Amino acid sequence: MAAFSFTVPFTRVAVGGLSPLFIGSARAVIAALLAAAALALTRQHLPSGRQWVRLAAVAGGIVVGFPLLTSYALTAAPASHGAVVIALIPAATATMAVARGKERPPLSFWIMAAVGALSAVGFASLHSGGFGQLHWSDLLLFGAVIAAAVGYAEGGMLSRELGSWQTVSWALVLASPLMVALMVVSMLQQPQSGTPLVWAAFAYLAVVSMFLGFFAWYRGLGIGPMAQVSQVQLVQPVLSIIWAALLLREELTWPTLLGGVAVILCAGIAVRIRLDSNASRAKGSVR
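Worth saying up front: this structure is predicted, and the values here are computed from it rather than measured. Positions within a chain are numbered from 1, following the residues in the order the chain's sequence is written. Totals for whole chains, interfaces and linings use every residue, but because this is a predicted model, local features are given only for residues with pLDDT of at least 70 and side-chain atom pairs only at 80 or more, for both listing and counting. As a convention, hydrogens and water are excluded, and side-chain values are obtained from all of the structure's heavy atoms.

Chemist: It is not clear to me how the packing of helix 3 (residues 49–73) against helix 8 (residues 164–189) should be interpreted in this structure. Could you clarify?
Modeler: To characterise two packed helices, one gives the angle between the axes of the helices and the distance between these axes. Helix axes are fitted to C-alpha atoms over the stretch in contact, other axes to C-alpha atoms as well, and angles between N-to-C directions run from 0 to 180 degrees. Per the convention used, a helix needs a DSSP run of H or I reaching at least four residues, while a strand needs a run of E reaching at least two, with both numbered from the N terminus. Packing of helix 3 against helix 8 leaves a shortest axis separation of 8 Å and a crossing angle of 60°. Comparing the axis directions of helix 3 and helix 8 gives the class oblique. For the pair helix 3 and helix 8, the crossing hand works out as right-handed. Mapping the contact onto sequence places Trp52, Leu55, Ala56, Val58, Ala59, Ile62, Val63, Val64 and Leu68 in helix 3 and Thr167, Val168, Trp170, Ala171, Leu172, Leu174, Ala175, Leu178, Met179 and Leu182 in helix 8. Under the scheme applied, nonpolar residues are Ala, Val, Leu, Ile, Met, Phe, Trp, Tyr, Cys and Pro; charged residues are Asp, Glu, Lys and Arg; polar residues are all the others, including Gly. Residue composition of the contact of helix 3 with helix 8, by class: 18 nonpolar, one polar and no charged. Any angle between 65 and 115 degrees counts as roughly perpendicular, while under 35 counts as roughly parallel, over 145 as roughly antiparallel, and the rest as oblique. Crossing handedness follows the turn of the near helix against the far one: under a right angle anticlockwise gives a left-handed crossing, and clockwise gives a right-handed one. Contacts between residues were defined by any pair of non-hydrogen atoms, one from each residue, lying within 4.5 Å.

Chemist: I'm lost on the packing of aromatic side chains in this one. Help?
Modeler: Two aromatic rings, taken as a pair, are described by how far apart their centres are and by the angle between their planes. Between rings of Phe, Tyr and Trp, where Trp is taken as its six-membered ring, a pair exists when centres lie within 6.5 Å; planes separated by under 30 degrees are stacked, by over 60 edge-to-face, and by other angles tilted. Overall, the coordinates contain seven aromatic pairs when judged by the stated rule. Judged by centre distance (5.0 Å) and plane angle (85°), the rings of phenylalanine 10 and tyrosine 204 are edge-to-face. Placement of phenylalanine 10 in helix 1 (residues 7–14) and of tyrosine 204 in helix 9 (residues 196–223) is noted, with a sequence separation of 194 residues between them. Under the relative-accessibility criterion, phenylalanine 10 is labelled buried at 18%. Here the aromatic rings of phenylalanine 22 and tryptophan 199 are separated by 6.1 Å at their centres, their planes lie at 85°, and the arrangement is edge-to-face. Note on classification: 1.4 Å probe, protein chains only; a residue is buried when its accessible area is under 20% of the maximum for its type, exposed when over 50%, partly exposed between these limits.

Following this line, the structure appears as structure tokens:
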């Protein structure tokens, strides 16, 4: 989470000089080159047919969806604003894991997940000019939350079969033809130029946020239980807001702080309810 916490602030820095399409695609291309080299050097076996389908879901979430959606969103939204909305990811990941595992959590889980979502929508609406009004960047951020949740939940389960770094590596390789095409389109649309700081931020997104960070993250999710491990993710938006203030000099307003606290609390409670529910069922089955 420490590695991922810089993703939103550094994306905000990168869009200051590079196009969002280039950032979202080129970072995946660079990570795919690293992934292909790692897979080749360690002589990894190819995934099975069913695993390729599941890898497509992972790639669609973390390689294509989240990077592109956040890159476009952060051309307009401050990093601290994006961090608050993205704080929904832990609850969304738990929800995806529930759906994927065909679990039946108690009603309180769905209530808290809904309250968290409404808190994020309310926060985004107020920042967009009034309740009920959402900026296009907020819609992109909510889409990024769903994309990340799908990629995290499926990737966490798949890492138990393929391994943590292998899962993200195969997903990157699978998505590489599309991302190369998008990168070429972005370069044809406009020449990419930026300050050394912009390129440094982009390099971090490509090497750490898109590749190395997933080594530890998918390893943790694979060890599980996934709902419990996903609680660690609640630290990410807090750190992202702090980095936005320290590195980007963004002002921490009371709505941002209160919105972040509300979303994080709701996400944490929802995940805890699911954990307690699973523990209760496990005790019941032992008896």
